[in-house]
Amino acid sequence: MVYMNSFCTMLVRHILDTRYQLIFTIACFGLISYGILSDGPVACTDNKTEIVSSESNPYPQSCAAHPSKLRGNLKIIRNFSDHSWDEIANANRDVSIGGKYAPVICSPRHKVAIIIPLRRREAHLKILLGHMHPIWQRQEIAYKVFVITQVEGGLFNRAKLLNVGVAEAKKDDSYDCFVFHDVDLLLEDDRCLYWCAERNPRQISKYIRKFGYSPLNYTARCHEYKKTPLQFFWPWKKVPLPPVENFGGVSMLHATQFQNINGLSNLYWGWGGEDDDMYFRVKSKGYEVSNPYGRKCSFRMIAHEHESQNEENSARHLLIRHAAARMYLEGYNTLRYEILSHDKNRMYTNITANVGFPSRRMMRFMRTSENNCFSKMPWEGHY
């Protein structure tokens, strides 16, 4: 079945003589084949011309919950950095400009925005997308890759870039799933599916080869003074929490979940803490952190040196202590940023953003001793 342009639809509908219908139909097919007209809502079969609505789906069958083309354990190829972007694009011809893909043989169950925060790691980005694009296609999801690049200068703010990614993705389409993906993590098994569940958020990068595939759980450093050492307390309930689960690396939130937790905190300048803050936002809303695929979700980390402009935030533990109490006061609802460029590359959409700088007061606070859990919090004007 071949689909015709709406211009052809109008002609066929208004010409009563069947002989002229045939002539115009053949003419429209010729124009479509040369790319002059785009696909549209008239379907022509061998016997007749059939008028169909523009909303009809030529492939009504949903994609499989467990796609048949998955390969399981994968070989990690790291020489993508030696390839040109054109070579990677030629190996992924079904991915359209801007890094967008949707399966054509079935209706995708999920529409996913893959958001990658970035600064000065273009070589790693090439390795990541050269490895992951074929995987995402085999998983039969509709997706688009958004790379959110922080403008040069100043401390890195990963969480704020992820908030920017969601805001810009919402302008692009109605995505029901947001995947937050570090640029240095390569999936080792494509049976670990990239889609969101409405019931609970997902964190799929617990098992990383660099750390011996051991889950990265720990106890939060700040706790209520002289009570239950090494336990984190709700600021208002005084109820001890279990050890903190890692929520960084690769995490996934349904659009409703992201809205309910007010996105991520914008206060974490430099390295560390923003993923733990998001973990407590998730827990405070009654969600559990899930990984339905277990050890199939394992990753290899690309070796890299620590950035000089991503110094450790010594006050992160104190910020984490107030994560749940601060959730509705700052986050996605207080996001401020400026878009400097919006470029659709062959394999991804790059958005360069200015997310600002921490104030002097915030900088002084960030240099607080990491063991100090009782400093005054400089909230106002720093969202």
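The rules behind the values
- Residues numbered from 1 in each chain as written.
- Predicted model: local features only at pLDDT ≥ 70, side-chain atom pairs only at ≥ 80, totals over all residues.
- Heavy atoms only, no water.
- Core = buried A, V, L, I, M, F, W, Y, C linked by side-chain atoms within 4.5 Å.
- Buried < 20%, exposed > 50% of the residue type's maximum accessible area, 1.4 Å probe, protein only.
- Helix = DSSP H or I, 4+ residues; strand = E, 2+ residues; numbered from the N terminus.
- Phe/Tyr/Trp six-rings, centres within 6.5 Å; stacked < 30°, edge-to-face > 60°.
- Contact = heavy atoms within 4.5 Å.

## Side note on the nonpolar core
Of all hydrophobic cores here, the largest spans 45 residues; its most connected members are Ile115, Phe146, Phe178, Phe180 and Met278. For this core, the secondary structure elements donating two or more residues are β5 (111-118), β6 (142-150), α5 (158-172), β7 (177-181), α7 (274-284), α8 (316-321), β14 (349-354) and α10 (360-366). Tallying contributions element by element places α5 first for this core, with 7 residues. If you look at the next biggest cluster of nonpolar residues, it comprises 42 residues, including Val112, Leu129, Tyr143 and Cys196.

## Description of unusual backbone geometry
In the Ramachandran plot, Tyr213 falls in the positive-phi region, its phi being about 60° despite a non-glycine side chain. With respect to the element layout, Tyr213 can be found in the loop between β10 (207-208) and β11 (250-254). Overall, the relative accessible area of 24% leaves Tyr213 in the partly exposed class. Phi at Asn262 takes a positive value of approximately 60°, unusual for a residue other than glycine.

## Some thoughts on the packing of aromatic side chains
By convention here, two paired aromatic rings are described through the distance between centres and the angle between planes. A full pass over the atoms with the stated rule returns 9 aromatic pairs. Consider the rings of Phe146 and Tyr175, whose centres lie 5.9 Å apart with planes at 90°: the pair is edge-to-face. One end of the pair, Phe146, is in strand β6; the other, Tyr175, is in the loop between α5 and β7, and 29 residues separate them in sequence. Accessibility classification places Phe146 together with Tyr175 in one group, the buried group.

## A look at α7
Of all 11 residues making up α7, 10 are buried, and the element is well covered by its neighbours. Those residues of α7 lying buried are Glu274, Asp275, Asp276, Asp277, Met278, Tyr279, Phe280, Arg281, Val282 and Lys283. Elements that come into contact with the buried residues of α7 comprise α5, β7, β11, α8 and α9 (323-326). Phi turns positive one or two residues past the end of α7, at Gly286, with a value near 85°.

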